[in-house]
Amino acid sequence: MVELLPSILSADFANLARDVAAAERGGGSVIHVDVMDGHFVPNITLGPPVVKSLRKATNLPLDCHLMIYNANDYIPAFAEAGASWIGVHYEACPHLHRSIELILDHGMKPGVVINPATRVEELLDILPMLHHVLVMSVNPGFGGQKFIEFSVDKIRKLAEIRQELGLKFKIEVDGGVAHDTIERVVKAGAELLVAGSAVFGSGDAEKNARELLIAARSAAGENQQG
Ligand code: DX5
Ligand code: ZN
């Protein structure tokens, strides 16, 4: 079952509730929230107070993608704010196992995110603990960047590993997911599809989300009415 995760990074920050509602009407089923610290990535976005406001604005799960150092210091605050899923970066968390345990202890679903240059094999030992693995298909920090082609091979590899090991984690992809790439990432095995500029960048977010989801479901061979 493929799902569309609209990324609010490309939404209007003064009208988040309106934009999230539009993306939800178009079939977005999880809201992707990009948290950036200006250190791990060269951009600053938002933190727990905005998550708290979003929590009141929608019933959809909130997938918080933490592009920050010292994530462990902030995980309790994100839980308190109402985050549902937390993804931490492999490259930013020296004690990754501890980070995952902390996320679980706070009742949230844990994920690990890997940058384009990080091999999926680095995650082998931690995979059984994860709800999702997020393959970055751009270098994190900004919306609207060009999709990095070899991400498709990484998604495929991850899907093979999941099959071989009989694991259940979901495969998420983030960066440059749009009409020209969505079919390939779905066919490679991604089921959680993050899209920022393709949903909120221009035009009508509801229509954009609906059309992306139709393309994703048709690539997955799913019933488009479902
Ligand atoms: C980038 C963020 C993405 C971003 C994707 O660092 O993690 O979630 O919103 O934007 P698009 O879909 O425009 O590439
Ligand atoms: Zn993201």
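The structure this text deals with has already been given above.
Everything numeric here is computed off the predicted structure, so don't read it as measured data.

J.: Explain the coordination of the zinc ion (ligand 2) residue by residue, including any values.
T.: Binding of the zinc ion (ligand 2) to the protein goes through His32 (NE2), Asp34 (OD), His65 (ND1) and Asp174 (OD), at separations of 2.0 to 2.3 Å. Read N to C, the donor residues that coordinate the zinc ion (ligand 2) are spaced as H-x1-D-x30-H-x108-D. Note that histidine 32 is positioned in strand β2 (residues 31–36) and aspartate 174 in strand β7 (residues 170–174), a separation of 142 residues in sequence. Here the two residues histidine 32 and aspartate 174 agree in accessibility, since each one is buried.

J.: Let's hear about the environment of valine 50: which residues, and what values?
T.: Structurally, the position occupied by valine 50 is in helix α2 (residues 48–57). Separated by 17 residues in sequence, valine 50 and valine 33 have C-alpha atoms that sit 9.5 Å apart.

J.: Tell me about the packing of aromatic side chains, and please be specific about residues and values.
T.: Per the counting criterion, the structure on display carries 1 aromatic pair. When the ring of phenylalanine 40 is compared with that of tyrosine 69, the centres are 5.4 Å apart and the planes differ by 75 degrees; the resulting orientation is edge-to-face. Placement of phenylalanine 40 in the loop between β2 and α2 and of tyrosine 69 in the loop between β3 (62–67) and α3 (75–81) is noted, with a sequence separation of 29 residues between them.

J.: Could you give an account of helix α8 (residues 205–220), naming the residues involved and the relevant values?
T.: Because an α-helix completes one turn every 3.6 residues, residues spaced three or four positions apart along the sequence face the same direction. A rise of 1.5 Å per residue sets the reference length of α8, with its 16 residues, at 22 Å; its end C-alpha atoms lie 22 Å apart and thus fit the reference within 8%. Of the surrounding secondary structure, the elements contacted by the buried residues of α8 are β1 (3–6), α1 (16–25), α6 (182–188), β8 (192–195) and α7 (197–200). Where α8 starts, the residue carrying a side-chain oxygen 3.0 Å from the main-chain nitrogen of glutamate 206 turns out to be aspartate 204. Where α8 terminates, the next one or two residues include glycine 221, which has phi positive at roughly 75 degrees.

The rules we used
Residues numbered from 1 in each chain as written. Chains lettered and ligands numbered in written order. Predicted model: local features only at pLDDT ≥ 70, side-chain atom pairs only at ≥ 80, totals over all residues. Heavy atoms only, no water. Donors = N, O, S within 2.8 Å, 3.2 Å for Na, K, Ca; no water. Helix = DSSP H or I, 4+ residues; strand = E, 2+ residues; numbered from the N terminus. Buried < 20%, exposed > 50% of the residue type's maximum accessible area, 1.4 Å probe, protein only. Phe/Tyr/Trp six-rings, centres within 6.5 Å; stacked < 30°, edge-to-face > 60°. Expected span 1.5 Å × (residues − 1). Contact = heavy atoms within 4.5 Å. Polar contact = N/O pair within 3.5 Å; in protein donor to acceptor, adjacent residues only side chain to side chain.

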